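A closer look at the structure
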Protein chains: 4
Amino acid sequence: MANSKYEYVRAFERDEVLLPNTWIVVRIDGRGFHKLSTHYHFTKPNDVRALNLMNLAASHVVASIPDITIAYGVSDEYSFVFHKTTNLFERRCAKLVTTVVSTFTAAYVALWPSTFEASGGGVGDGDGGGGGDALSLTMLPTFDGRAVCYPSWGNLRDYLSWRQVDCHINNLYNTTFWALVQQGGMSPTAAEEHLKGSVSSDKNEILWSKFGINYNDEPDMFRKGSVIFREYALEPSTGPKQEVGIEGADDEVGIEGADDESRGLQSPVTKTQAEKMKKIRRKAKVVTSHVDIIRDEFWLHRPWIRSGKPGKLIVDHVKS
Amino acid sequence: MANSKYEYVRAFERDEVLLPNTWIVVRIDGRGFHKLSTHYHFTKPNDVRALNLMNLAASHVVASIPDITIAYGVSDEYSFVFHKTTNLFERRCAKLVTTVVSTFTAAYVALWPSTFEASGGGVGDGDGGGGGDALSLTMLPTFDGRAVCYPSWGNLRDYLSWRQVDCHINNLYNTTFWALVQQGGMSPTAAEEHLKGSVSSDKNEILWSKFGINYNDEPDMFRKGSVIFREYALEPSTGPKQEVGIEGADDEVGIEGADDESRGLQSPVTKTQAEKMKKIRRKAKVVTSHVDIIRDEFWLHRPWIRSGKPGKLIVDHVKS
Amino acid sequence: MANSKYEYVRAFERDEVLLPNTWIVVRIDGRGFHKLSTHYHFTKPNDVRALNLMNLAASHVVASIPDITIAYGVSDEYSFVFHKTTNLFERRCAKLVTTVVSTFTAAYVALWPSTFEASGGGVGDGDGGGGGDALSLTMLPTFDGRAVCYPSWGNLRDYLSWRQVDCHINNLYNTTFWALVQQGGMSPTAAEEHLKGSVSSDKNEILWSKFGINYNDEPDMFRKGSVIFREYALEPSTGPKQEVGIEGADDEVGIEGADDESRGLQSPVTKTQAEKMKKIRRKAKVVTSHVDIIRDEFWLHRPWIRSGKPGKLIVDHVKS
Amino acid sequence: MANSKYEYVRAFERDEVLLPNTWIVVRIDGRGFHKLSTHYHFTKPNDVRALNLMNLAASHVVASIPDITIAYGVSDEYSFVFHKTTNLFERRCAKLVTTVVSTFTAAYVALWPSTFEASGGGVGDGDGGGGGDALSLTMLPTFDGRAVCYPSWGNLRDYLSWRQVDCHINNLYNTTFWALVQQGGMSPTAAEEHLKGSVSSDKNEILWSKFGINYNDEPDMFRKGSVIFREYALEPSTGPKQEVGIEGADDEVGIEGADDESRGLQSPVTKTQAEKMKKIRRKAKVVTSHVDIIRDEFWLHRPWIRSGKPGKLIVDHVKS
């Protein structure tokens, strides 16, 4: 039975190929997590178990896909950054996005029991409305996703800063809102009304004066979100910035000095070198930290995130 | 702290909106399922547990997203058809694809234990290589996906026929190949060589003469794949085709007779009617069957798949 | 000197391929024609020379590109419809659009002298502001363009109806506005104010009572725009609509009855037949008329526009 | 008469918006210029009139669209580079491409008589095949076009180098080929055969030994193509490259040092400043030269091409 009669339908398929030499950010977002967080009794404003699970799933994604150079997460969203030289799936948009979304979802669901049930949740009741912390088929966590291209390192840094500033703004608001509700006994509507038009300093003041909370003592994970990357031995940041790659000229050299890096191409390392880099990358520990990524300091110490080339392994980090 | 300084990065986001009045097919495919099927000891050429799990996950997707009018699956792939009038997520490509992929993945992972562990598999050993049928974090099932638009009903029917013919071709080959290997004692290479250049009748003959297998007695699920849809009372197919909607003129009327359907727009039913339709759709049973969808018969009896309008509920199917 | 070092830049090129089996409309619009029409002293509200030039240029485009099945123009815009089975330039969007825009522009500029200078314009003064009807380099007519895909015949008919209704609305307004200004002595602002909120019947009434103008006596070209197509012997419209192709089922047959037409594919006619069709098409006269294309009648008599297959040549139309 | 019934068709329109902070190159190509060059008796291998006309038309495009920072042309193709900060037409692809194509075509056709007829051509014979140098309606020059985005300055420089190397390769081949045919009396086929597998030095040798032609004495316009840009007072290139902007870090600074330029945004100059820049730009002379643009030198002296900010006017260049 020949299939040729119907095969013409393949001509309707379209492949969006993302522009070369751009940083690709795949951002995923929890679908309907407001409802889901109620169903599974997430603590407000931040549920440590839920954030840990996000981080575990994201860490799994980063470890599974070496082309991801850094990831940043806050609340129920996570951004995964593919190095601008990546040629994974020939940069086909749908492949990149769905692979990240599916890998994240699979890990999130598979790791749920270790995170939520271990903490004392009851057994899932299948279809039931009763709840408990075991996953119910009627309330499975799912994520949508999208890809965005950023042409320059400056744009990428701004993107990540945007997410981290957003984390700060939202967390300060939520911390104050829930303090008013949970400790201050206000209704959600009253709390919302109370905070309308307030600026950061107002919220800090409310937290301190009414509840004795110093916002800066809140956990870093809540205030700064989570950053995931491969860790190598830190580089000194004392040298000229040029040398540690932050103001370096990767795609900004004159043409005579242009190299493959500046062209957005993977350097034609020898096969032996490539194998070696691959091995180093696989040995590197994928770490999760909760630090400022807006200022230059983080980046100055970790030039491998921008360069895409593995740094020096830290001996006691190495996986056995 | 104002976020406006960084917010310009949103301008780099692009939304691909799929052409209105076209049938949207989201097809998902298992990633690296060859390796995965070995790891989890899938039976060759068909593993009933694995196929059942695919069907359960797909059924969950169809039940969760009412805009999906039919789905068709074979092996580790599944195609979900959104009705051409859908306006879900304003037809944004990334949202549609990632929602399907994530919902499918979540269900597949969550339902794995009920399908695979119940059948006698050992407990997963986390990182281990030992195997067993419990999910291991190092070998999570994941799926990629893509969306394709088909402008006409004829194109959509051809798409589905293409997949079902493919199912037939592959299954006949695999059945014969594995019979040669498992029962005939051939090496995989020898079996491959043996089948090179063979046509359907050759394979049927090999199966029958060497192994006493009548290919037509193989289970329908293997030979025809799986079709998932909402079931209503079947319509008679004796009337003129026109009336049961197969050759009907939905987008092919002259302009004076054009209606919203022909324009690819959702009919402006009253709010009460819409509520009623929604209720009926929710009550309809989502069924999985293994039938021919190439010929007209299947479609003639189920005009609601093409029209997108719910049929008559079957009383004893109705969910309580 | 090898070019390979730089050739990688080709990888940044993207080709948007328009969805098969959809009607492609390329619409062009005059750029800055308000200013241009003042510069070249166009008569208000309609300049016959300018409209004729638009029609001549469009006619040249239709004659040059056989895949265009019909074109419709009004004011300084023109829509060119490529048959849904076209495979011109492999349906690459940029090629289709720029070819139409460039061919139209070239003809418009080349034909300008025969249309405008013949009517008594002076010689162009190059850079000058003085004007005259000869083309000045500082005020060259240019056009932008875009492509839109319409999946069904109903959508295409609605598109063309949309443009013709727009022509009617604008022309009635402009006719009344300029009558108030030119014959009624109102200032443009006063006329605009006077017409604010008026409906069609109001404007008809103003024209008739104040200026003795029966709007229906205005030239068809002003009221209905211009339609350009290949003319063959008209078909009778008395038969069942089915047969003359308006409600016909081109892409709406059941699959068993599906043919290449319904798949959006060009029929595999023999080489001899293709040659014959090509010859007929080349012999057919490209005509410009000013008729209603909203109602079915126009289409019923000219089934070749929809089918894409040439009709019977009219003997005395045939080009020698 | 309400138009709302049909207006839904606008929902089928798609706008491709080109990625911000990327250099946009619109490249146009003559359609069927092989045939056209024969029809109008172009001199082989290079027709000075035809090249001059290309340059005049391109110069008109650059002068008309201030967002174009440089253009490069060879044979019947021209590349127009929009500065990466441009927001013209909100960076809509179709608008940018068709505007360039139409403006170029209009100028090319309008300027044809001054270039070709002045040189002694006969009067066009309308439909005729006889030829002559006046434009014939049956052989109008037209151009297609496309847009490509280049994320970095290095990529853009490589693109332009690619075109100029191509110019060199083709011109050396064509010069040798036509010498063999015109002066050497070879048939085209024989000449082609003769050159098969030859490298640059072979062709130089043929030209010199057989025809006494020193390829380097060929006109620059033939060997290097044409570069069009706004000319300001040259900048010294002795300073550090950093300062003249070639290796400068425009989008490569760390985030603390990031400015609007590095973000791909137009600097928020004051309205007065913007007016002043606009005025300077308008006064700048658009020049055409035939120089090497592969090496850094050209760029070091003309930093305004990369920065997009006007330089210092050259007094005697200023348009009156």
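One can find the structure itself at the top, above this paragraph.
Quick look at the structure, then. Fair warning: this is a prediction, and the values are worked out from it, not measured in the lab.

What follows deals with the sheet that holds strand 5 (residues 226–231) of chain A. Residue and element names in this part refer to chain A. Read across the sheet, 6 strands follow the order 4-1-3-2-5-6 without closing on themselves; strand pairing throughout is antiparallel. Two strands lie at the open edges of the sheet, namely strand 4 (143–150) and strand 6 (285–289), each paired on one side alone. Here the average twist between neighbouring strands, direction ignored, is 20°. Relative to strand 3 (residues 77–82), strand 1 (residues 23–30) runs antiparallel, the two sharing 6 bridges. The partner of valine 26 across the bridge, within strand 3, is phenylalanine 80. Docked against the sheet, helix 4 (residues 93–117) engages strand 1, strand 3 and strand 4, running at close to 140° with respect to strand 4. Contacts from helix 5 (residues 153–183) reach strand 1, strand 2 (68–74), strand 3 and strand 4 within the one sheet, and its direction differs from that of strand 2 by about 25°.

Residues and elements named next belong to chain D. Read from one edge to the other, the open sheet built from 6 strands follows the order 4-1-3-2-5-6, with strand pairing classed as antiparallel. Both outer strands of the open sheet, strand 4 (143–150) and strand 6 (285–289), are each paired with one neighbouring strand and no more. Averaged over all neighbouring strand pairs, the angle between strand axes comes to 20°, with direction disregarded. Strands in contact with helix 4 (residues 93–117) are strand 1 (23–30), strand 3 (77–82) and strand 4; relative to strand 4, the strand with the most contacts, it is inclined by about 140°.

Looking now at the interface of chain B and chain A. Listed per partner, the contact involves 55 residues of chain B and 55 residues of chain A. Counting across the interface, chain B meets chain A through 8 salt bridges. Lysine 95 of chain A is the partner of aspartate 144 of chain B in a salt bridge, and the nearest nitrogen-oxygen pair spans 2.6 Å. Taken together, the links from chain B to chain A amount to 24 residue pairs in polar contact (both at pLDDT 80 or more). Of all the secondary-structure elements, those providing two or more residues to the side of chain B that touches chain A are helix 1 (4–7), helix 4 (93–117), strand 4 (143–150) and helix 5 (153–183) of chain B. The greatest single-element share of the side of chain B that touches chain A, amounting to 14 residues, is contributed by helix 4 of chain B. A breakdown of the residues in the side of chain B that touches chain A according to their chemical character gives 28 nonpolar, 14 polar and 13 charged.

Once that is clear, we can look at the relation of the copies chain B and chain A. Superposing chain B onto chain A takes a rotation of 180° combined with a translation of 0.0 Å along the rotation axis, leaving an RMSD of 0.1 Å. As the rotation angle and translation indicate, the two copies are arranged about a two-fold axis. A share of 100% of the interface residues of chain B reappears at the interface of chain A, consistent with the copies meeting face to face through the same patch.

Before going further, it helps to examine the environment of valine 61 of chain B. Residues and elements named next belong to chain B. Mapped onto the elements, valine 61 comes out in helix 3 (residues 48–64). A C-alpha to C-alpha distance of 26 Å links valine 61 and arginine 295, two positions 234 residues apart in sequence. Once you skip the residues sitting within four places of it in the chain, valine 61 turns out to touch Ile68, Phe80, Val100, Thr103 and Phe104.

What counts, and at which threshold
Residues numbered from 1 in each chain as written. Chains lettered and ligands numbered in written order. Predicted model: local features only at pLDDT ≥ 70, side-chain atom pairs only at ≥ 80, totals over all residues. Heavy atoms only, no water. Pairing = 2+ DSSP bridges. Helix = DSSP H or I, 4+ residues; strand = E, 2+ residues; numbered from the N terminus. Axes fitted to C-alpha atoms, helices over the stretch in contact; angles between N-to-C directions. Contact = heavy atoms within 4.5 Å. Salt bridge = Lys/Arg side-chain N within 4 Å of Asp/Glu carboxyl O. Polar contact = N/O pair within 3.5 Å; in protein donor to acceptor, adjacent residues only side chain to side chain. Nonpolar A, V, L, I, M, F, W, Y, C, P; charged D, E, K, R; others polar. Least-squares fit on C-alpha atoms with pLDDT ≥ 70 in both.

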